[in-house]
Amino acid sequence: MSPLISRGFGGRRRRDVDPSRIPPGQYVTDDFPVLSAGPTPTVDLDDWTFTINGAVDEPATWSWDEFQALPNEQITTDIHCVTKWSKLGTPWRGVSVDTLLENVETAADFVLASSYGGYTTNLPLADVTDGQAWVACEYDGQPLEPIHGGPARMLVPHLYFWKSAKWVRGLQLLDHDEPGFWETNGYHNHGDPWKEQRYWSD
Amino acid sequence: MERLAPRRAPLTWRVSTLAEKRPETQTATTLVLNVPDWPGHLAGQHVDVRLTAEDGYQAERSYSIASSPEDPHLAITIERIEDGEVSPYLTDELRPGDQLELRGPIGLYFTWDTGDGGPLLLLGGGSGLVPLMAMLRHRAAVTSAVAATVLVSARGWDDVLYRDELSSLDGDGLTVRYTLTRAQPPEWRGWSGRVNAEMLRELGADRAGNVRVFICGPTGFVEHVADLLVQLGHDPHAIKTERFGPTGG
């Protein structure tokens, strides 16, 4: 079905943004909206850990200080939320998932990211390796605020932003796909914004 | 009545027709739509609306459904955002008889069905009341005995959505309370100012029990109210939230 032309709708294209950076159905925002399914959890840095477990030869756990000592990268990237906003050129600092998996032997094809507060989201391993995903602890030069997922969140910018789990506490490697929170609540299993994979039937 | 199965219908774009436009407040308007083959929805769900310009340029936005699943029409309430791209078109330009593309229902988390039970504690800030109103309308439409309390936070009395309907629904196990944050009418007997722990205690929110809590509103409102409820002993997992930010809707 070709789309219906909306009588009298001109639209407001932003001339200051490159349209090739905007996935279908998205609009560019300059602020940083907050979307979460429940209260914002508070995580004490003394209690914070990040764990990689599941189908691995040996689970790995880092304390906050150990995690901060890992090599990290500055990432500047566009992000796309399924609720239609995109934010361009967002500056983060984080540890690449490649770094975290460096010494991990696994035959897994999937990961399930888990968060303080109980949130989960699933991803193919191939979507979080080869420089595509990070665990970010800083935004715009500052420690990541709790409402945006601090102390640490996933950053998987090539997928809709619900895949970038806030308050992340670990990655479980799995030999099978296990749909996470939004993936079992009507949203798409993969979530590629360029294919507009918003909802389960897309 | 046939059991609705909102999940089974693929979320394809449908061409709806505007049946009626209902002003709610100075800035909010309800669009009452006829949607052919609407698959049904749960209270709390939303729809995506898509506008297409003549040159093919498109804009999409999400809006909460205001009508109950029992309503033959689908209603969405639009808060007009000054210099927004989509909301001024919907509130100012669209007129009865016009067609509007939408798809849904979307979201299986921030939903309530009378079968889920209660009691319900609903907290709405500004147009965050919209999905909560769908729950109250659903409760009324099926004459549910589930006890419900709703706290409506608005800037002023004239900014309260569905004011007359809320007061007519008040009673029969439903308690409606208001707090006005900016301006209060003369002889105002409701609460004033930001939601605080005292208000929540008076609503019985310190007795967490098995209360189902839904909070919807601007980010600051939701963060604040959810934190207060967690401090009052509510299980964070029993608090469902939906936030919206000041974006260019």
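Just so it is clear, the structure is predicted and the values come from calculations on it, not from any experiment. (Residues numbered from 1 in each chain as written. Chains lettered and ligands numbered in written order. Predicted model: local features only at pLDDT ≥ 70, side-chain atom pairs only at ≥ 80, totals over all residues.)

**Student:** Explain the overall build of chain B to me, using residue names and the numbers behind them.
**Tutor:** From N to C terminus, chain B includes 5 helices and 12 strands. In summary, chain B has a C-alpha radius of gyration of 18 Å against a globular reference of 18 Å for 249 residues, a match within 12%. Summarising its shape, the C-alpha atoms of chain B cover approximately 55 × 40 × 30 Å along the three principal directions. (Helix = DSSP H or I, 4+ residues; strand = E, 2+ residues; numbered from the N terminus. Rg over C-alpha atoms; globule rule 2.2 N^0.38 Å.)

**Student:** Before we move on, could you go through the overall build of chain A and cite the residues and values that matter?
**Tutor:** Counting secondary structure elements, chain A contains 2 helices and 11 strands. Going from the N terminus to the C terminus, chain A shows its helices and strands as β-β-β-α-β-β-α-β-β-β-β-β-β. Whereas a compact globule of 202 residues would reach a radius of gyration of roughly 17 Å, chain A reaches 18 Å, a difference of no more than 12%. Considered along the principal axes of its C-alpha atoms, chain A spans approximately 60 × 35 × 30 Å. Residue burial in chain A is summarised as follows: out of 202 residues, 38% are buried. The contacts in chain A between residues at least 6 apart in sequence include a share of 65% that link residues at least 24 apart. (Buried ≥ 20, exposed ≤ 12 C-beta atoms within 10 Å, placed from the backbone. Contact = placed C-beta atoms within 7 Å.)

**Student:** Give a detailed account of the sheet that holds strand 6 (residues 110-115) of chain A, specifying residues and quantitative values.
**Tutor:** All names here are of chain A. Read from one edge to the other, the open sheet built from 5 strands follows the order 3-2-11-6-7, with strand pairing classed as mixed. Only two strands of the sheet have a single neighbouring strand rather than two, namely strand 3 (60-63) and strand 7 (120-124). Neighbour-to-neighbour, the strand axes of the sheet open up by a mean angle of 15°, direction not taken into account. Pairing of strand 6 with strand 7, which is carried by 5 bridges, proceeds in the antiparallel orientation. Each residue of the ladder has a partner; that of V111, found in strand 7, is L123. (Pairing = 2+ DSSP bridges. Axes fitted to C-alpha atoms, helices over the stretch in contact; angles between N-to-C directions.)

**Student:** Any details on the confidence of the model for chain B? Residues and values, ideally.
**Tutor:** Residues shown with low pLDDT carry predicted positions that ought not to be read at fine detail. Residue and element names in this part refer to chain B. Looking at chain B, the pLDDT average stands at 93 and 94% of residues meet or exceed 70. Confidence over residues 1-6 falls short of pLDDT 50; this stretch has 8 contacts with residues more than four positions distant or in other chains. Reported confidences for the modelled complex are a pTM of 0.93 and an ipTM of 0.90. (pLDDT = per-residue confidence, 0-100.)

**Student:** So what about helix 2 (residues 129-141) of chain B? Which residues, and what values?
**Tutor:** Residue and element names in this part refer to chain B. In a regular helix each residue adds 1.5 Å, so 13 residues correspond to 18 Å; helix 2 covers 18 Å between its end C-alpha atoms and thus fits that length. The buried count for helix 2 comes to 11 of 13 residues, which makes it a mostly enclosed element. Among all positions in helix 2, only L129, V130, P131, L132, M133, A134, M135, L136, R137, H138 and R139 are buried. (Expected span 1.5 Å × (residues − 1).)

**Student:** Provide a residue-level description of the domain arrangement of chain B, including the pertinent values.
**Tutor:** One frequently used descriptor of interface size is the decrease in accessible area upon assembly of the parts. All names here are of chain B. What the domain assignment lists for chain B is domain 1 (14-106) and domain 2 (114-244). Listed as interface residues are 15 residues of domain 1 and, on the opposing side, 14 residues of domain 2. Tallied by class, the residues present in the side of domain 1 that touches domain 2 amount to 5 nonpolar, 7 polar and 3 charged. (Domains from an automatic or database assignment. Nonpolar A, V, L, I, M, F, W, Y, C, P; charged D, E, K, R; others polar.)

**Student:** Please give an account of unusual backbone geometry that cites residues and values.
**Tutor:** Following G150(A), the chain continues to P151(A) via a peptide bond in cis, the omega torsion being 15°. The peptide bond linking G118(B) to P119(B) adopts the cis configuration, its omega dihedral lying at 0°. Structurally, P119(B) is set in the loop between strand 6 (99-106) and strand 7 (120-125). Unusually for a residue other than glycine, W167(A) sits at a positive phi of about 50°. Look at D37(B): it is not a glycine, yet its phi comes out positive at around 60°.

**Student:** An account of the environment of H190(A) is needed here, citing residue identities and associated values.
**Tutor:** Mapped onto the fold, H190(A) is located in the segment after strand 11 (168-174). Considered as a pair, H190(A) and L4(A) are 186 residues apart in the sequence and their alpha carbons are 28 Å apart.

**Student:** Explain helix 5 (residues 219-231) of chain B to me, and be specific about the residues and the numbers.
**Tutor:** Residue and element names in this part refer to chain B. Compared with an ideal rise of 1.5 Å per residue, which puts 13 residues at 18 Å, helix 5 spans 18 Å between its outermost C-alpha atoms and is within 8% of the ideal. For helix 5, the complete set of buried residues consists of T219, F221, V222, E223, V225, A226, L228 and L229. At the exit of helix 5 stands G233, carrying a positive phi of roughly 105°.

**Student:** So, the pairing of strand 6 of chain A: which residues are in play, and what are the values?
**Tutor:** In terms of residue burial, strand 6 of chain A counts as a mostly covered element, since 5 of its 6 residues are buried. Connecting strand 6 of chain A to the next strand, strand 7 of chain A, in antiparallel fashion are 4 residues, including G117(A) with a positive phi near 100°.

**Student:** Kindly report on the interface of chain A and chain B, identifying the contributing residues and their values.
**Tutor:** Taken residue by residue, the interface counts 36 residues in chain A and 41 residues in chain B. Of the residues in the side of chain A that touches chain B, the class split is 15 nonpolar, 15 polar and 6 charged.

**Student:** Describe the pairing of strand 3 of chain A, listing the residues and the values that go with them.
**Tutor:** All names here are of chain A. The pairing of strand 2 (residues 49-54) with strand 3 spans 4 bridges and is antiparallel. Bridge assignment links T51 to a residue of strand 3, and that residue is T61. Hairpin remark: strand 2 followed by strand 3, antiparallel, with 5 residues in the connecting loop.

**Student:** Describe in detail the environment of S62(B), supporting the description with residues and values.
**Tutor:** In this fold, S62(B) is placed in strand 4 (residues 58-64). A sequence separation of 112 residues divides S62(B) from L174(B), and the C-alpha atoms of the two residues are 28 Å apart. Setting aside chain neighbours within four positions, we find S62(B) in contact with T83(A), K84(A), H46(B) and D48(B).

**Student:** For the environment of E102(A), give the residues involved together with the corresponding values.
**Tutor:** Within the element layout of this structure, E102(A) appears in the loop between helix 2 (97-100) and strand 6. C-alpha of E102(A) to C-alpha of G8(A): the two residues are 94 residues apart in sequence and 56 Å apart in space.

**Student:** Go over the nonpolar core, please, and point to the residues and values.
**Tutor:** Judged by nonpolar contacts, the single largest core of 68 residues is most densely connected at L122(B), L132(B), I215(B) and V225(B). Here this core takes 7 residues from helix 2 of chain B, the largest share from any one element. Each of two domains, domain 1 (14-106) and domain 2 (114-244) of chain B, supplies a minimum of three residues to this core. When near neighbours in sequence (up to four residues on either side) are disregarded, L122(B) contacts L132(B), M135(B), A148(B), V150(B) and F214(B). Listed in part, the 38 residues of the second largest apolar core include F67(A), V135(A), L144(A) and L173(A). (Core = buried A, V, L, I, M, F, W, Y, C linked by C-beta atoms within 7 Å.)

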